[in-house]
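# Results of the structural survey
Single-letter residue listing:
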Amino acid sequence: MATAGDADGRTAFDGAPGEGRRCKTLTDLPTEVLEFILCVPSLSHVDISNAACSCRRLRDVCHGRGKVWAHQYALRWPRLMKSYRQNESWDWLAEYRTRHAVGLQIRRTVESISKRFFTEVPCVGQVLGDSFAEIESLGAPEHFCEDELISILNSDRRRSLTLKYYAKKILYFLRQQNILRSLKVFLDQPEEQQSALEGAVLVDQYCNPLADVSLQSISSQLDEITDKVKKTLRTKNPSHPSLRTDQGGCFVVEDLELQRQVLYALNSVLYDQLQYKGNECDYYNPLNSYIHQVVLLRRTGIPISLSVLYTTLAQKLGVQLEPVNFPNHFLLRWCQQPKRSTDIYDYIYIDAFGKGKQLTAKECEYLIGHQVTADHYSSISTMELLLRMVGNLLNIGKRGEGNEKSYQLLRDSLDLYLTINPDNVQYLLLQARLYFHLGIWPEKVLDILQHIQALDPSQHGAVGYLVQHTLEHIQHKRHPAEPEAKHRSAAVHAEVHYSVGLVMKHKRSGYNCVIYGWDPKCTMSLEWITTMRVHQLSNGANQPFYNVLVQDGTCRYAAQENLEPHSAPLEIGHPEVGRYFTEFSGTHYVANEELQARYPEDLEETLHTIQELYGTESAETGETTAKTRSGDGATM
């Protein structure tokens with residue numbers, strides 16, 4: 001038990017009973033013990049800083065390269081510890097300060113985005129170029145920036161929705177830039193060093209930058225499949241040369257019969273045991289093209305993705321197969337001669353989509369229903385394989401329904417295609433038109449158009465039209481019109497019954513949605529009104545219409561008579577929710593400052609409606625409302 005301070009003012013501890021020696025102070029304890037005490041999880045970085053300022057002894061114990069600051073760093077940012085080599089000495093205090101400062105800078109940048117880029121109508125696929133440039137200009141370690149963005153995304157699920165919305169967009173962009181750099185390094189390698197699997201993983205990562213996709217995890221799964229094939233092969237031929245090789249070894253089985261044994265064992269394991277198959281029912285699902293989905297999760301794909309899987313496994317077992325860019329159906333070819341041949345009839349063609357079925361050249365034509373010339377049976381490079389893989393994704397994006405997902409896929413696949421083949425005028429023009437249509441990144445549109453003009457002057461007409469309208473867009477961006485605020489108290493809005501933030505149900509279609517805007521009457525074109533049969537409604541177009549975010553990810557414009565408040569409000573899983581709302585309170589969504597500026601009287605109406613429908617506000621809702629109202633006052 002601690003006693004009063006000793007003569008020099010230091011806190012002392014009682015000695016053992018019967019001992020006349022002087023009591024020891026805290027600072028007399030061994031360094032290891034002090035480090036143990038200062039590494040108690042309840043102590044924060046502020047506590048450690050205060051302790052280090054109290055005396056020289058504790059300052060020495062809390063030195064930057066010691067255990068105490070290493071513990072503080074690991075406690076606060078555990079994800080970052082994998083970035084540090086165990087056997088190296090680090091100034092943990094300096095790292096802590098840098099990471100803390102980067103976190104503050106990132107949050108300030110993300111918090112400022114909504115004010116600068118908010119639009120009432122969803123700008124599908126919006127690119128926040130200026131903000132990305134701001135983050136890159138910080139010069140901060142990239143892994144620090146990413147860790148702070150992930151920390152924002154992992155915070156309370158129902159709160160800070162606007163902050164998370166923009167943090168997710170920035171993280172998406174930053175990861176894609178890293179993957180593009182890796183892809184360019186990959187493409188600069190000699191052709192014989194380019195692995196189809198690695199290229200497919202890079203395509204997958206670029207289209208799914210927020211997913212946990214790694215070459216290592218996919219390779220590990222392929223190693224497990226290879227072991228299963230070897231086990232099957234051992235039962236047929238215990239002395240097969242493929243059994244003596246290490247995984248990933250570069251070797252070739254020369255004997256044709258031994259190669260055949262490998263392929264039969266591979267077919268047995270891949271299609272019979274593990275049930276991999278071609279996805280005939282949902283062929284145009286983009287997931288079929290992502291190698292981590294094919295290998296790790298779904299075990300189904302399209303011809304090209306299954307061919308990458310098949311040829312990688314065959315190569316691990318000593319059988320060399322070549323990709324064939326066959327029309328409408330990607331194939332592999334297996335040479336039946338000791339040396340590589342130019343005769344298409346010297347090859348067996350393998351249909352990885354059709355459970356590894358082996359075909360003659362003539363049977364390949366039956367597969368697609370028409371004859372083709374001999375050049376369609378030629379092998380292609382890894383770069384050409386990736387172009388076809390990305391081209392498939394691009395076509396799926398074109399076939400999309402014009403929603404956020406299809407536009408994002410179209411953008412991502414165009415980025416990839418033009419990274420691999422940067423001078424393709426057709427796709428450069430498509431990229432420029434896409435960005436122009438979406439109203440995003442006009443400065444980049446001008447760069448693309450300038451590149452097109454240099455490559456092909458005959459495109460002057462299309463380029464000139466886009467240049468003129470893009471310059472107008474840039475001018476408009478520099479002098480944006482002030483948004484109109486809609487006041488419920490205005491006489492023209494007297495018939496508007498519902499308000500922003502209410503969770504609704506569509507009476508006819510049954511979908512759940514949240515209101516993010518309204519008009520006193522339908523403002524759509526006559527063509528839209530006719531197509532949507534608005535005149536068949538009892539009140540026609542002469543009634544309030546609401547902009548709603550729907551649970552299925554779409555944005556719709558719904559008539560008041562078709563909507564009713566949801567009996568049991570639930571969260572709406574729409575990707576654009578964070579653009580308009582800062583949190584879900586349990587009964588309604590709370591509009592962010594930018595949306596409240598557009599509908600300044602809706603918050604009070606929403607709370608009044610909530611009280612009438614669901615009873616008294618919860619304490620959480622009341623607290624949120626108080627904060628929001630005070631914020632509104634400052635803004636307005």
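Described below are features of the structure shown in this document. (Residues numbered from 1 in each chain as written. Predicted model: local features only at pLDDT ≥ 70, side-chain atom pairs only at ≥ 80, totals over all residues. Heavy atoms only, no water.)

### Section: the pairing of strand 10 (residues 555-559)
Relative to strand 10, strand 9 (residues 545-550) runs antiparallel, the two sharing five bridges. Pairing of Asn547 across the sheet is with Tyr557, part of strand 10. (Pairing = 2+ DSSP bridges. Helix = DSSP H or I, 4+ residues; strand = E, 2+ residues; numbered from the N terminus.)

### Some words on the sheet that holds strand 9
Pairing in this open sheet of five strands is antiparallel, and the strands run 10-9-8-7-11 from one edge to the other. In the strand order of this sheet, the two ends are held by strand 10 and strand 11 (563-565), each with one partner. Strand-to-strand twist across the sheet, computed as the mean angle between neighbouring axes with direction ignored, equals 50°. (Axes fitted to C-alpha atoms, helices over the stretch in contact; angles between N-to-C directions.)

### Some details on the environment of Phe330
In this structure, Phe330 sits in the loop between strand 3 (322-324) and strand 4 (331-335). Along the chain, Phe330 and Ser305 lie 25 residues apart, while their C-alpha atoms are 9.0 Å from each other. Excluding residues that lie within four positions of it along the chain, Phe330 makes contacts with Pro303, Ile304, Ser307, Pro323, Val324, Asn325, Ile380, Leu385 and Arg388. (Contact = heavy atoms within 4.5 Å.)

### Things to note about the pattern of salt bridges
The full count for this structure, using the stated rule, is 19 salt bridges. The partner of Arg175 in a salt bridge is Glu146, and the shortest N-O contact between them spans 2.8 Å. With Arg175 in helix 8 (residues 161-188) and Glu146 in helix 7 (residues 142-153), the pair connects residues that are 29 residues apart, well separated along the chain. Between Asp602 and Arg488 there is a salt bridge, and its shortest N-O distance comes to 3.3 Å. Highlighted residues: Asp602 in helix 23 (residues 602-614) and Arg488 in the loop between helix 19 (460-478) and strand 7 (503-506), separated in sequence by 114 residues. (Salt bridge = Lys/Arg side-chain N within 4 Å of Asp/Glu carboxyl O.)

### Here's the deal with helix 4 (residues 67-76)
All buried positions along helix 4 are accounted for by Val68, Trp69, Ala70, Gln72 and Tyr73. Buried residues along helix 4 sit in contact with helix 1 (31-38), helix 2 (45-54), helix 3 (56-61), helix 5 (92-117) and helix 7. (Buried < 20%, exposed > 50% of the residue type's maximum accessible area, 1.4 Å probe, protein only.)

### Details of the sheet that holds strand 6 (residues 357-359)
Pairing within the open sheet is antiparallel, and its four strands lie in the order 3-4-5-6. With partners counted over all chains shown, the strands left at the sheet margins are strand 3 and strand 6, one partner each. Across the sheet, the axes of successive neighbouring strands diverge by a mean angle of 40°, strand direction being ignored. Strand direction decides the pairing type here: strand 3 and strand 4, joined by three bridges, are antiparallel. Considered in strand 4, the bridge of Val324 is made with Leu331. Along the sheet, helix 14 (residues 361-368) makes contact with strand 4, strand 5 (347-351) and strand 6, crossing strand 6 at roughly 115°.

### Some words on the side chain of His240
Residue placement: His240 occurs in the loop between helix 10 (215-236) and helix 11 (256-273). Looking at His240, the relative accessible area reads 0%, which means it is buried. A polar atom in the side chain of His240 sits 3.0 Å from the backbone nitrogen of Ser242. Excluding residues within four positions of it along the chain, His240 makes contact with Leu233, Val253, Leu258, Gln261 and Val262. (Polar contact = N/O pair within 3.5 Å; in protein donor to acceptor, adjacent residues only side chain to side chain.)

### Overview of unusual backbone geometry
Residue Ser160 is not a glycine yet carries a positive backbone phi of 50°. With respect to the helices and strands, the residue Ser160 is situated in the loop between helix 7 and helix 8. Accessibility expressed as a relative area gives 31% for Ser160, which makes it partly exposed. Of note in this structure, Arg299 is not a glycine but carries a positive phi near 55°. Tracing the backbone shows Arg299 in the loop between helix 12 (291-298) and strand 2 (300-301). Overall, the relative accessible area of 30% leaves Arg299 in the partly exposed class.

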